[in-house]
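# What the coordinates show
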Amino acid sequence: MSKHYETAREIYASWGVDTEEAIRRMDEIPLSINCWQLDDLTGFEDFDAQLTGGIQATGNAPGKPRSIEEYFTNLDKMLSLVPGAKHLALHSVYPLTNGVKIPRDELRPEHFAPWIDYAREKGIGLDFNPTYFSHPMLKDGWTLASPDKGVRDFWIQHGIACRKIGESFGKALGETCITNHWIPDGSKDTRVDMLGPRERLIDSLNQIFAEFIDPKYNRDSVEGKVFGLGVESYTVGSHDFYANYVLTTGKAMVCMDIGHYHPTESVADKLSSYLAFNQEIMTHLSRGVRWDSDHVAVVSEEIVAIMQQIKRCNAFDKVHLGLDFFDASIDRIAASVIGSRSVKKCLMTALLEPTERLMKAEAQEDLTRRLALQEEFKMLPAGIVFDEYCERHGVKASNWMGGDLK
């Protein structure tokens, strides 16, 4: 235990905060790290694949893996630099099939079985994502809401298959897999019929979720978005659509990606509205710069506010933490480590918040004291406690990149 940490512990104790309890809580709250930052969401189907469906990874930094072996070398390195409880979120374009190409509507648990062995070795859980994009059956920008029944049926079978894969992860690893569904469907220009595609999407989702899967093994989330490239005017799967779908059917939880809203909207503000109705929530934490640009997550007021709201609502069992960014302009391993550690720093900051004092001031309607306390708390040494947390997990707290980082 460092002298710096002993001092920080005393400072927090003077505010009624137990830093040891915060460190213990950190190990109970897994962060789902997206596997696709490491290779620009190319996956194992085709190492030269181009993203389609309103998303793109910009940049051309050296070091992108050109084989599955290189990918796993990079993955091992990345995971070794992120302390504490972790899941790895996979996309369905990362099957391990010894080079045999499997159509997406025919994917089965056995095609991802080596991932289970890998997760056991690393002591982590697995989450999953159907890949409803970058495929020839993305017809004119449509998948589950397509006017073409053949297209819809293909993607419905893909969604069904992915839920079974998620179930296999949960059964094998003893940690619930969250299978997250995001679709790119929409329109570049103003659309006349906005209802029809949404009715088709409801029908498609109902078919995908028709089979009951024990939520102990797999839970589904549906991810809304304001717009994407090529669908600037109309997105079928908007936040409002999925919020209504979730609340009326109970078949999934909402996934809130903090880059998928208008810049003035706050995901932190939205959380309590769902928690008031005992709803579960999946989050995708990244950094939108003017639009959903999927920049690497950093320590920010926005992410700290999300963590604070979860803590204040005592809802870490209801709100699941995940990452979703892919930046090809910088070192991809470092990008994943920076984003993961930054989000964990935000979590640590929230766990160290003297929440009871804030609640007491607010209950007494002492708004001046509440604001003063909030500002004082911002300068408490959370970073030193995070460093101690890293050291206890055998991970460098600083200078983890080597060279002249420090």
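Since the structure is predicted, the reported quantities are computational estimates derived from the model, not experimental observations.

Let us look at the overall build of the protein chain. For the protein chain, the helix and strand inventory stands at 13 helices and ten strands. Taken over the C-alpha trace, the protein chain has a radius of gyration of 21 Å; the compact-globule value for 406 residues is 22 Å, and the two agree within 12%. Here the protein chain holds 406 residues, and 54% of them are scored as buried. The contacts of the protein chain with a sequence gap of at least 6 include a subset with a gap of at least 24, amounting to 79%.

Our next topic: helix α7 (residues 239-249). Given 3.6 residues per helical turn, the α-helix brings residues three or four places apart onto the same face. By the burial criterion, the buried members of α7 are His239, Phe241, Tyr242, Ala243, Tyr245 and Val246. Residues of α7 that are buried make contact with α6 (195-208), β6 (218-223), β8 (253-257) and α8 (267-275). At the exit of α7 stands Gly250, carrying a positive phi of roughly 65 degrees.

Orientation of helix α4 (residues 113-122) relative to helix α5 (residues 149-173), taken along the N-to-C sense of each, is 35 degrees, at an axis distance of 10 Å. Between α4 and α5 the crossing geometry is right-handed. Side by side, α4 and α5 meet where Ile116, Ala119 and Arg120 of the first sit next to Ser168, Phe169, Ala172 and Leu173 of the second. Class assignment of the residues belonging to the contact of α4 with α5 gives a composition of five nonpolar, one polar and one charged.

Bringing the pattern of salt bridges into the picture now. Per the counting criterion, the structure on display carries 23 salt bridges. The closest approach of N and O atoms between Glu28 and Arg24, which form a salt bridge, is 2.3 Å. Residue classification places Glu28 among the partly exposed positions, given a relative accessible area of 47%. Residue class for Arg24 comes out partly exposed when judged on its relative accessible area of 40%. The closest approach of N and O atoms between Asp366 and Arg369, which form a salt bridge, is 3.5 Å. Relative accessible area serves as the criterion here: at 28%, Asp366 is assigned to the partly exposed category. Connected through salt bridges with shared partners, the residues Glu21, Arg24, Arg25 and Glu28 form a single ionic network.

Below, the discussion takes up the packing of aromatic side chains. Applying the stated criterion across every chain yields a total of 20 aromatic pairs. Measuring from ring centre to ring centre gives 6.5 Å for Phe44 and Trp115, while their planes differ by 5 degrees; the resulting arrangement is stacked. You can see Phe44 sitting in the loop between β1 (31-34) and α3 (68-80) and its partner Trp115 sitting in helix α4, a full 71 residues away along the chain. The residues Phe44 and Trp115 share a single accessibility class, namely buried.

Before going further, it helps to examine the domain arrangement of the protein chain. Where the parts come together, the accessible area they lose is often given as the size of the interface. According to the domain assignment, the protein chain contains domain 1 (1-17 + 354-405) and domain 2 (29-352). Placing a centre on the C-alpha atoms of domain 1 and another on those of domain 2 gives a separation of 31 Å. Each partner contributes to the interface: domain 1 provides 18 residues, whereas domain 2 provides 16 residues. The tally of links between domain 1 and domain 2 comes to zero salt bridges. Our count for the domain 1 to domain 2 interface comes out at three residue pairs in polar contact (both at pLDDT 80 or more). Broken down by secondary-structure element, the contributors of at least two residues to the side of domain 1 that touches domain 2 are α11 (355-363) and α13 (382-392). Here the side of domain 1 that touches domain 2 takes five residues from α13, the largest share from any one element. Per-class residue counts for the side of domain 1 that touches domain 2 are 14 nonpolar, three polar and one charged.

A word on the environment of Glu28. Structurally, Glu28 can be placed in the loop between α2 (19-26) and β1. In the structure, Glu28 is positioned 288 residues away from Phe316 in sequence and 9.1 Å away in space, judged by C-alpha atoms. A polar side-chain atom of Glu28 sits 2.3 Å from a polar atom in the side chain of Arg24.

As a further point, take the state of the cysteines. Here a disulfide denotes one covalent bond, and it connects the sulfur atoms of two cysteines. According to the stated counting rule, one finds zero disulfides in the structure shown. Cys313 carries a free sulfur, and the closest cysteine sulfur to it, the one in Cys346, is 17 Å from it. On the accessibility criterion, Cys313 (32% relative accessible area) is partly exposed.

A separate point is the side chain of Asp324. Along the polypeptide, Asp324 turns up in the loop between β10 (319-323) and α10 (332-351). Within the structure, Asp324 has its side chain in polar contact with the side chain of Trp36 (distance 3.0 Å). Polar side-chain contacts of Asp324 include one of 3.3 Å to the side chain of His284. If sequence neighbours within four positions are ignored, Asp324 has contacts with Asn34, Trp36, Glu223, Asp257, His284, Leu285, Ser286 and Asp294.

Taking 1.5 Å per residue as the helical rise, helix α9 (residues 301-312) with its twelve residues ought to reach 16 Å, and the 16 Å between its terminal C-alpha atoms agrees with that figure. Residues of α9 that are buried: Ile303, Val304, Ile306, Met307, Gln308, Ile310 and Lys311. Structurally, α9 contributes buried residues whose contacts are with α8, β9 (281-285), β10, α10 and α11. The positive-phi residue at the C-terminal boundary of α9 is Asn314, with phi of around 50 degrees.

Another aspect to go through is the UniProt feature "binding site: Mn(2+)" (unreviewed entry) in the protein chain. According to UniProt, the feature "binding site: Mn(2+)" (unreviewed entry) maps to His260, Asp292 and Asp294 in the numbering used here. Spanning 35 residues, the named residues form one tight spatial group whose C-alpha atoms are at most 9.5 Å apart. Structurally, Asp292 can be placed in the loop between β9 and α9. Judged by its relative accessible area of 6%, Asp292 is buried. Residues contacting Asp292, with those up to four places away along its chain left out, are Lys225, Asp257, Gly259 and His260. In this fold, Asp294 is placed in the loop between β9 and α9. Those residues in contact with Asp294, other than ones at most four positions away along the chain, are Ser286, Arg287, Asp324, Phe325 and Phe326.

About the thresholds
Residues numbered from 1 in each chain as written. Predicted model: local features only at pLDDT ≥ 70, side-chain atom pairs only at ≥ 80, totals over all residues. Heavy atoms only, no water. Helix = DSSP H or I, 4+ residues; strand = E, 2+ residues; numbered from the N terminus. Rg over C-alpha atoms; globule rule 2.2 N^0.38 Å. Buried < 20%, exposed > 50% of the residue type's maximum accessible area, 1.4 Å probe, protein only. Contact = heavy atoms within 4.5 Å. Axes fitted to C-alpha atoms, helices over the stretch in contact; angles between N-to-C directions. Left-handed = near helix turned anticlockwise from the far one by under 90°. Nonpolar A, V, L, I, M, F, W, Y, C, P; charged D, E, K, R; others polar. Salt bridge = Lys/Arg side-chain N within 4 Å of Asp/Glu carboxyl O. Phe/Tyr/Trp six-rings, centres within 6.5 Å; stacked < 30°, edge-to-face > 60°. Domains from an automatic or database assignment. Polar contact = N/O pair within 3.5 Å; in protein donor to acceptor, adjacent residues only side chain to side chain. Disulfide = S-S within 2.5 Å. Expected span 1.5 Å × (residues − 1). UniProt positions renumbered as here; feature names shortened; annotations may be inferred.

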